[in-house]
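# A structural walkthrough
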Amino acid sequence: MPQLGVNIDHVASLRQARYRNQDLTSIRGYAEPDPLRAAHEAELGGADIITVHLREDRRHICDLDIKRLSPFLHAKGNLEMGATDEMIQIARAQGFEMVTLVPEGRMEVTTEGGLDVAGNLDRLRDVVRRLKADRPAPGVIVSAFIDAAPHQVEAAKAAGFDACEIHTGPYAHAFANVGGDLLCPTLQAQLQLVRDAGHRARALGMRFNAGHALNYLNVGLIASLPGISELHIGHSIVSRAVYVGLREAVREMKAAIQSA
Ligand code: PXP
């Protein structure tokens, strides 16, 4: 069964809706909802990985969250970030077990496309090297969030990544468009692209992870792909948590993955 990575950025988005311009350290009991407490609830619900995306504009998760989270987590910590010098420094200082490199657009609501590893091979090879340098065993797992395209998987291997997180946005879109009917060729084609990219990543010795726009209905087909290691899910779990609480929302997603 693949591991579940829970992205808790949206918990920080809710906090920022109220406390955007305040010094969080000066608020007794910390401003709510606190991503640290959310991480704990997610762990109790069975999250194997906690993911936070530290964006350049700090629009949700902020530096203080990163500092507080990294020593606190029982689950594997996954820091999602752009491939900038500032972020490399933070990742190296905070010691998360895993780093996922994503493209970052200032105007985007969420991560939109995969990282263009093939088009930035030299730079990304250097970034991966710097993230891994002098990290004591077992080191850090560096993952590339990429589109389900063979040339991007090959480039990820050439750049030294340990894992490919295959972008499931187009698959999720196709799933929604046809009501999850697997007899529809458009859905079959998108699922096949994810399967092939994952197969290629594994054949090259990398981990096969997947994520983006997965929800309780569309997760099953992806969770049952051969050799898949991790699923990274945020929006649908935090949305469900509004009704049932985060611990239960994570539990339900684990159950959906298990039943697949
Ligand atoms: N994986 C990556 C690399 C992401 O950037 C995101 C969004 O933050 C996710 C997974 C989770 O996507 P969603 O919120 O749509 O579940």
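Everything that follows concerns the structure shown earlier in this document.
Below you will find a few notes about this structure. In this convention, every chain numbers its residues from 1, walking through the sequence in written order. A pLDDT threshold of at least 70 governs which residues receive local features in this predicted model, and a stricter bar of 80 or more applies before side-chain atom pairs are shown or counted, although totals over entire chains, interfaces and linings include all residues. To get the side-chain values, take all heavy atoms of the structure and skip hydrogens and water.

## A look at the overall build of the protein
Each helix and strand in the protein was counted, giving 11 helices and eight strands. For 260 residues, the compact-globule estimate of 2.2 N^0.38 gives 18 Å, and the C-alpha radius of gyration of the protein, at 18 Å, lies within 12% of that figure. By principal-axis analysis of the C-alpha atoms, the protein measures approximately 55 × 45 × 35 Å. Exposure is judged per residue with a 1.4 Å probe applied to protein chains only, and the accessible area is read against the type maximum: over 50% gives exposed, under 20% gives buried, and values in between give partly exposed. Residues counted as buried form 50% of the 260 residues belonging to the protein. Long-range pairs, those at least 24 residues apart, make up 66% of the contacts in the protein with a sequence separation of at least 6. Computed with the Shrake-Rupley method and a 1.4 Å probe, the accessible areas treat only the protein chains shown as cover for residues. A total of about 12,000 Å² of accessible surface is found on the protein, and carbon and sulfur atoms cover 52% of it. Residues counted as positive are Lys and Arg, residues counted as negative are Asp and Glu, and His and the chain ends are not counted. One atom stands in for each charge, and that atom is NZ of Lys, CZ of Arg, CG of Asp or CD of Glu. Considering the protein, the positive charge centre built from 28 side chains and the negative charge centre built from 31 side chains are found 4 Å apart. A run of H or I in DSSP becomes a helix once it reaches four residues, and a run of E becomes a strand once it reaches two; helices and strands are each numbered from the N terminus. For a compact globule the rule gives 2.2 Å times the number of residues to the power 0.38, and the radius of gyration it is set against comes from C-alpha atoms. Contacts are assigned to residue pairs with any non-hydrogen atoms lying within 4.5 Å of each other.

## Quick word on the sheet that holds strand S4 (residues 98–101)
The pairing criterion is simple: DSSP has to find at least two bridges between the two strands. With respect to topology, eight strands assemble into a closed barrel ordered S1-S2-S3-S4-S5-S6-S7-S8, the strand pairing being parallel. For this sheet the average axis-to-axis angle between neighbouring strands, irrespective of direction, equals 25°. Judged from the four bridges that link them, S4 and strand S5 (residues 141–146) form a sheet pairing that is parallel. Looking across to S5, one finds that Val 99 is bridged to Val 142. Axis definition: a line fitted to C-alpha atoms, limited for helices to the stretch in contact. Angles are taken between N-to-C directions and run from 0 to 180 degrees.

## Re helix H3 (residues 63–72)
Where H3 is concerned, the buried positions are Asp 65, Ile 66 and Leu 69. Take H3 and look down its axis: the buried residues cluster within an arc of 95°, on one side only. The outward face of H3, more than 90 degrees from its buried face, is lined by the exposed residues Lys 67 and Pro 71. Elements in contact with the buried residues of H3: helix H1 (9–19), helix H2 (35–44), strand S2 (49–53), strand S3 (76–81) and helix H4 (85–94). Regarding the arc, it is the one traced by the directions from the helix axis to the C-beta atoms.

## Points about the pairing of S4
Of the two faces of S4, the one holding Met 98 and Thr 100 and the one holding Val 99 and Leu 101 are both buried throughout. In terms of strand pairing, S3 meets S4 through four bridges, oriented parallel. Each residue of the ladder has a partner; that of Leu 79, found in S4, is Val 99. Crossovers are described as right-handed under a simple rule: with the strands pointing away from the observer, the path leading from the first strand over the helix to the second runs clockwise. For the segment spanning S3, H4 and S4, crossover handedness is right-handed.

## Points about the nonpolar core
In this structure, Phe 161, Ile 222 and Leu 231 are the most contacted members of the largest nonpolar core, which totals 73 residues. Of all the elements, helix H11 (residues 246–259) adds the most residues to this core, at six residues. Residue contacts for Leu 231: discarding those within four places in its chain leaves Pro 2, Gln 3, Leu 4, Gly 5, Ala 210, Leu 214, Val 219, Ile 222, Ala 223 and Ile 257. Side-chain atoms within 4.5 Å are what join buried Ala, Val, Leu, Ile, Met, Phe, Trp, Tyr and Cys residues into a set we call a nonpolar core. Core analysis: the second largest hydrophobic core is formed by six residues, Leu 24, Ile 27, Tyr 30 and Cys 62 among them.

## Remarks on the side chain of Lys 76
Here Lys 76 is to be found in strand S3. Taking the relative accessible area as the measure of exposure, Lys 76 reaches 17% and is therefore buried. Apart from residues lying up to four places away in sequence, Lys 76 is in contact with Gln 3, Asp 48, Ile 49, Ile 50, Glu 97, Met 98, Ile 141, Arg 207 and Glu 230.

## Observations regarding the pattern of salt bridges
Salt-bridge detection follows one rule: a side-chain nitrogen of Lys or Arg within 4 Å of a carboxyl oxygen of Asp or Glu. Under the counting rule described, the total for this entry stands at 18 salt bridges. One salt bridge connects Arg 123 with Asp 85, and the closest N-O pair in it is separated by 3.4 Å. Linking Arg 123 in helix H5 (residues 121–132) with Asp 85 in helix H4, this pair joins segments that are 38 residues apart in sequence. Note on Arg 123: relative accessible area 35%, which makes it partly exposed. The partner of Glu 154 in a salt bridge is Arg 200, and the shortest N-O contact between them spans 2.6 Å. Placement of the pair is Glu 154 in helix H6 (residues 150–159) and Arg 200 in helix H8 (residues 185–203), with a sequence separation of 46 residues. For Glu 154, a relative accessible area of 34% gives the class partly exposed. A relative accessible area of 33% places Arg 200 in the partly exposed class. Within this structure, Asp 85, Arg 123, Asp 126, Arg 129 and Arg 130 form a network of salt bridges that share partners.

## Some thoughts on unusual backbone geometry
The step from Glu 32 to Pro 33 runs through a cis peptide bond, and the omega angle for that step is -5°. The topology assignment puts Pro 33 in the loop between H1 and H2. Here Arg 58, not a glycine, exhibits a phi torsion of approximately 50°, which is positive. Considering the arrangement of structural elements, one finds Arg 58 in the loop between S2 and H3. For Asp 134, which is not glycine, the phi torsion reads 60° and is therefore positive. Checked against the element boundaries, Asp 134 lands in the loop between H5 and S5.

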